[in-house]
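Geometric and topological summary
Each chain, written out:
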Amino acid sequence: MSFVNAGVDAMASSLSEEFAVPAHVEEVRRVMAAFAEQHVAAGRTVVLITSGGTKVPLESRTVRFLDNFSSGRRGASSAEYFLAQGYAVIFLHRQRSLYPYTRLYTGVNLLDCLTLHPAHEGSGLVTVDQTKLPNITDVLKRYQAVKSAGLLLPVEFSTLSEYLHLLKAAAQALSSLGSKAMFYLAAAVSDFYIPPSEMPEHKIQSSNGPLQISMKMVPKILKPLVKDWAPKAFVISFKLETDPSILLERARCALDIYKHQVVVANVLDTRHGYVVIVTKDSQKELVLTEEEVQREVEIEEKIVKNLSQAHTQFINQEG
Ligand code: PMT
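Throughout what follows, the structure given in this document is the object of discussion.

Rules behind the numbers
- Residues numbered from 1 in each chain as written.
- Predicted model: local features only at pLDDT ≥ 70, side-chain atom pairs only at ≥ 80, totals over all residues.
- Heavy atoms only, no water.
- Near = heavy atom within 4 Å.
- Polar contact = N/O pair within 3.5 Å; in protein donor to acceptor, adjacent residues only side chain to side chain.
- Areas by Shrake-Rupley, 256 points an atom, 1.4 Å probe, with all protein chains shown as cover.
- Helix = DSSP H or I, 4+ residues; strand = E, 2+ residues; numbered from the N terminus.
- Pairing = 2+ DSSP bridges.
- Axes fitted to C-alpha atoms, helices over the stretch in contact; angles between N-to-C directions.
- Contact = heavy atoms within 4.5 Å.
- Buried < 20%, exposed > 50% of the residue type's maximum accessible area, 1.4 Å probe, protein only.
- Expected span 1.5 Å × (residues − 1).
- Parallel < 35°, antiparallel > 145°, perpendicular 65-115°, else oblique.
- Left-handed = near helix turned anticlockwise from the far one by under 90°.
- Nonpolar A, V, L, I, M, F, W, Y, C, P; charged D, E, K, R; others polar.
- Phe/Tyr/Trp six-rings, centres within 6.5 Å; stacked < 30°, edge-to-face > 60°.

On to the site of the ligand. Looking at the ligand, there are 25 residues lining it, with S70, S71, G72, K239 and N266 nearest. Measuring from a nitrogen atom of the ligand, one finds a backbone N or O atom of A186 at 3.0 Å. With respect to the ligand, the backbone of L222 contributes an N or O atom lying 3.1 Å from an oxygen atom. For the ligand, whose free accessible area comes to 780 Å², the fraction covered by protein is 96%. Looking at the shell around the ligand, the elements with two or more residues in it are α3 (73–84) and β11 (234–241).

Pasting the structure below:
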């Protein structure tokens, strides 16, 4: 079956046929819905952030897979800035990709930061060398405040199937929030997959010679998300290109097709210092100056500030 020209309804119903449904999806949907209701009742807005790359298996008993490039830095840092703006955050992320707050210490070996002091009665006292964990007191305070207020709900995916079903579940869980829900789709999602019916069960043997694979198009999940699953939400997609000359045209094309509110356009090599926020009738460049780079300002701070203001206007207009 091809999704290339499939309608939204066919696309949505084919999801379960073509992509294995994760066993825990219903439970996760309930948890996300309860999280959203609780925070909206407390006067907060809710953002669903997707982050990291999806994995596409080449064999049923998977040894090999194709991956999409994404470290998860964009999603994880954006989560921190949304939390600072007062949002409650559902963080739908690739397992073991960068995570809010801990991302700041990924280059650090934790065991090198600890010293064991043998204590009198046999148990040991462990102390932390704060010089090896820059700003740890401030980061820990922010992390603990978020944790104790229950403002961050992490949900993990690994494969493309898990991503698609969990995003659908999230959209359904947030649909009752209307315009108070924001979708910030920063994950790098595969456009190609091998259907289960065409996937070899066992490890592909190199003794059979060079490998040729044929992959099908993945349904663009943005379409049913905007049209059916969360039609009143504020939806932001990302457009990643390696050729800057086609970036804005591709971003505009996405807005025309999916009819959502914003595309954040970025080029692979410059994505940490430059993005363009594209809407139906505007485009705004966000750039880090040299001085901001020196101060370690992150472009996500500017993206999130811009988008949370746009979201507030959207809520005021749409009700
Ligand atoms: O994680 P980092 O290393 O910090 O990098 C951040 C990033 C470069 C991954 C991020 O800024 C980014 O651009 N993410 C989107 C990359 C991408 O997959 O673009 P795309 O053109 O393939 O997809 C466009 C949009 O459609 C995306 O918002 C995606 O969520 C959505 N999509 C994609 C495929 C698909 N089958 N369905 C979708 O809805």
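To continue, consider the sheet that holds strand β7 (residues 152–157). Here 8 strands make up an open sheet; going across it, the order is β7-β4-β1-β8-β11-β12-β13-β14 and the pairing mixed. With one partner strand each, in any of the chains shown, β7 and β14 (282–287) form the two edges of the open sheet. On average, each strand axis in the sheet is tilted by 15 degrees relative to the strand beside it, whichever way the strands run. When strand β8 (residues 181–185) meets β11, the two strands line up parallel, connected through 4 bridges. Within β11, the position partnered with Y184 by the bridge is I236.

Tracing the chain through its elements places H93 in strand β4 (residues 88–94). Only 3.0 Å separates the side chain of H93 from the backbone oxygen of F91, close enough to count as a polar contact. Setting aside anything within four residues of it in sequence, one finds H93 in contact with S51, Y99, P154, V155, E156 and F157.

Taken across its 6 residues, strand β1 (residues 46–51) has 6 buried, putting it largely inside the fold. Where β1 meets β4, 6 bridges bridge the pair, whose relative direction is parallel. The partner of S51 across the bridge, within β4, is H93. Relative to β8, β1 runs parallel, the two being bridged by 5 bridges. Residue pairing for β8: L48 is matched across the bridge by F183.

Relative to the 16 Å expected for 12 residues at 1.5 Å per residue, α3 spans 17 Å between its end C-alpha atoms, a close match to the ideal helical length. The element α3 is extensively covered by neighbouring structure, given that 10 of its 12 residues are classed as buried. In the segment just after α3, G86 is the residue with positive phi, at about 100 degrees.

The geometry of α3 relative to helix α9 (residues 299–318) is characterised by a closest axis approach of 9 Å and an angle of 55 degrees between their N-to-C directions. When the interaxial angle is binned, α3 and α9 end up oblique. Once α3 is placed against α9, the crossing between them reads as right-handed. Where α3 abuts α9, its residues R74, S77, S78, Y81 and F82 lie against I299, E300, E301, I303 and V304. Broken down by class, the residue content of the contact of α3 with α9 amounts to 5 nonpolar, 2 polar and 3 charged.

The next thing to look at is the packing of aromatic side chains. Inspection of every chain in the model, using the stated rule, returns 8 aromatic pairs. Aromatic pair F91 and Y99: ring centres 5.8 Å apart, planes at 80 degrees, arrangement edge-to-face. The class of Y99 is partly exposed, set by a relative accessible area of 22%. On the basis of an interplanar angle of 50 degrees and a centroid distance of 5.0 Å, the ring pair of F234 and F314 is categorised as tilted. Residue F234 is located in strand β11, and its partner F314 is located in helix α9; the two are separated by 80 residues in the primary sequence. One aromatic cluster is present, formed by F82, Y87, Y184 and F238 through successive ring pairs.

Below, the discussion takes up the environment of V263. Take V263: it is sitting in strand β12 (residues 262–267). Spatially, the C-alpha atom of V263 lies 39 Å from that of K203, the residues being 60 residues apart in sequence. With residues near it in sequence (within four places) discarded, V263 still touches S237, F238, K239, A251, A254, L255, V276, I277 and V278.

At a closest axis distance of 8 Å, the pairing of helix α2 (residues 25–41) and helix α5 (residues 160–174) adopts a crossing angle of 35 degrees. In this structure, α2 crosses over α5, and the sense of that crossing is right-handed. Contacts between α2 and α5 pair V25, V28, R29, M32, A33 and A36 from the former with H165, L166, A169, A170, Q172, A173 and L174 from the latter. Of the residues in the contact of α2 with α5, the class split is 10 nonpolar, 2 polar and 1 charged.

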